[in-house]
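Each chain, letter by letter, is given below.
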Amino acid sequence: MILIALLIGTIATILGALPPGASNLAVIKTSLNESHRESLKISYGAGLGEVLLAFIAFSSGMVVQDFFEMNLWVQYLVAAVLATVGLYFTLNKKENTESKQKKSSKYLLGFTLSVINPPVLIYWILVFSLLGKWLSSAASISALWLGLFLSGVFIGKVATLYGYSRFGTHIQKKKSSSGSNINRYIGITLIILACIQVIKLTVI
C-alpha cells in the first residue's frame, strides 16, 4: 500500500509536467544547442524544484494560498519576473545565449524555472486537497508516505523532461538551426504564463 504513494507522486507529476512549460522548452533548447547530458542537468534541477513546491503545498498549502490571496502584489511581481525573463529569451540572440550558458549552472537554471511557477504550486495544493482523506487515514505513516511521494515527484519530473530532451535530440537530427526558435518559444511561453497570471488576478 505504501508503494502506491510513489506511483501516485510519479503519475501526478507527469500529468502536471507534460504540457509545454519553461523548463520543458529549456531542456529541448539545451539538447539542441549543447548536449543531451547538459539537458539532464536541467531536468535534475527542475526535479528538485518540483519536490520543493510539492513539499510546500503539503506542509502549508492553505497558508500559502491565503498568503497569495492576501498579498496580490506578490503574484503581480511573479508575473512581472516571468514577463521580463520571457522578453529576454524572446529578444536575445542565440550567440549571446550560448556564451551565457557556459557561465551559468544548468542545475540552478532548471531549479529556478521550476520554482518561479505559481500555477504549479496551486496544482500541488489541489492534488493534496484531493488526497486529503487518504492522508488523514495514513497519519501514522505520513513521514514514509511523504518521502515516497516526493521521490515519485522527482522521478516523474525527471522522466518527463528526459522525454523532452530526447525529443530535442530528434529535432536536432532533422534541423540544425532550431535553437534560436526554441529560445523564442521559451520566451513566449513565459510571457503567456505571465499574461494568464495577470488576467486571473484581474478577473478574480
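A quick note: this is a predicted structure, and the numbers were derived from the prediction, not measured.

### Topic: the overall build of the protein chain
At step 1: Scanning the protein chain for helices and strands turns up 10 helices and zero strands.
At step 2: Written out in order from the N terminus, the α and β elements of the protein chain read α-α-α-α-α-α-α-α-α-α.
At step 3: Relative to its full complement of 204 residues, the protein chain shows a buried share of 44%.
At step 4: The contacts of the protein chain with a sequence gap of at least 6 include a subset with a gap of at least 24, amounting to 88%.
At step 5: As displayed, the protein chain offers around 10900 Å² of accessible surface, 71% of which is attributable to carbon and sulfur atoms.

### Observations concerning the nonpolar core
At step 1: With 19 residues, the main nonpolar core has Trp124, Phe128 and Phe149 as its most contacted residues.
At step 2: When contributions to this core are tallied by element, the ones reaching two or more residues are helix H1 (3–17), helix H3 (36–70), helix H7 (118–130) and helix H9 (142–174).
At step 3: Look past the residues within four positions of Phe149 in its chain and what remains in contact with it is Ala5, Leu6, Ile8, Gly9, Trp124, Val127, Phe128 and Leu131.
At step 4: Listed in part, the 12 residues of the second largest apolar core include Leu25, Ala26, Leu32 and Ile42.

### A word on H1
At step 1: Taking 1.5 Å of rise per residue, the 15 residues of H1 would be expected to cover 21 Å, and the 21 Å separating its terminal C-alpha atoms lies within 8% of that figure.
At step 2: All of the buried residues in H1 are Ala5, Gly9, Thr10, Ala12, Thr13 and Ala17.

### Notes on the environment of Ala79
At step 1: Positionally, Ala79 belongs in helix H4 (residues 72–91).
At step 2: Take Ala79: its relative accessible area is 2%, and that puts it in the buried class.
At step 3: Note: C-alpha distance between Ala79 and Ile191 (112 residues apart in sequence) is 8.4 Å.

### What about the confidence of the model for the protein chain?
At step 1: Per-residue pLDDT for the protein chain averages 76, and the proportion of residues at 70 or more is 69%.
At step 2: Of all the helices and strands in the protein chain, helix H5 (residues 94–101) carries the lowest mean pLDDT, 47, while H1 carries the highest, 90.
At step 3: Throughout residues 95–103 the model reports pLDDT below 50, and contacts reaching past four residues in sequence, or to other chains, amount to 10 contacts.

### Overview of the pattern of salt bridges
At step 1: Tallying each qualifying case throughout the model produces three salt bridges.
At step 2: Ionic pairing is found between Lys106 and Glu34, a salt bridge with its closest N-O pair at 3.3 Å. Of the two residues, Lys106 is situated in helix H6 (residues 106–115) and Glu34 in the loop between helix H2 (22–33) and H3; the sequence distance between them amounts to 72 residues.
At step 3: The exposure class assigned to Lys106 is buried, which follows from its relative accessible area of 4%.
At step 4: The exposure class assigned to Glu34 is partly exposed, which follows from its relative accessible area of 31%.
At step 5: The closest approach of N and O atoms between Lys41 and Glu38, which form a salt bridge, is 3.1 Å. Taken as a pair, Lys41 and Glu38 lie in helix H3 at a separation of three residues, close to a single helical turn.

Reading guide: rules and limits
Residues numbered from 1 in each chain as written. Predicted model: local features only at pLDDT ≥ 70, side-chain atom pairs only at ≥ 80, totals over all residues. Heavy atoms only, no water. Helix = DSSP H or I, 4+ residues; strand = E, 2+ residues; numbered from the N terminus. Buried < 20%, exposed > 50% of the residue type's maximum accessible area, 1.4 Å probe, protein only. Contact = heavy atoms within 4.5 Å. Areas by Shrake-Rupley, 256 points an atom, 1.4 Å probe, with all protein chains shown as cover. Core = buried A, V, L, I, M, F, W, Y, C linked by side-chain atoms within 4.5 Å. Expected span 1.5 Å × (residues − 1). pLDDT = per-residue confidence, 0-100. Salt bridge = Lys/Arg side-chain N within 4 Å of Asp/Glu carboxyl O.

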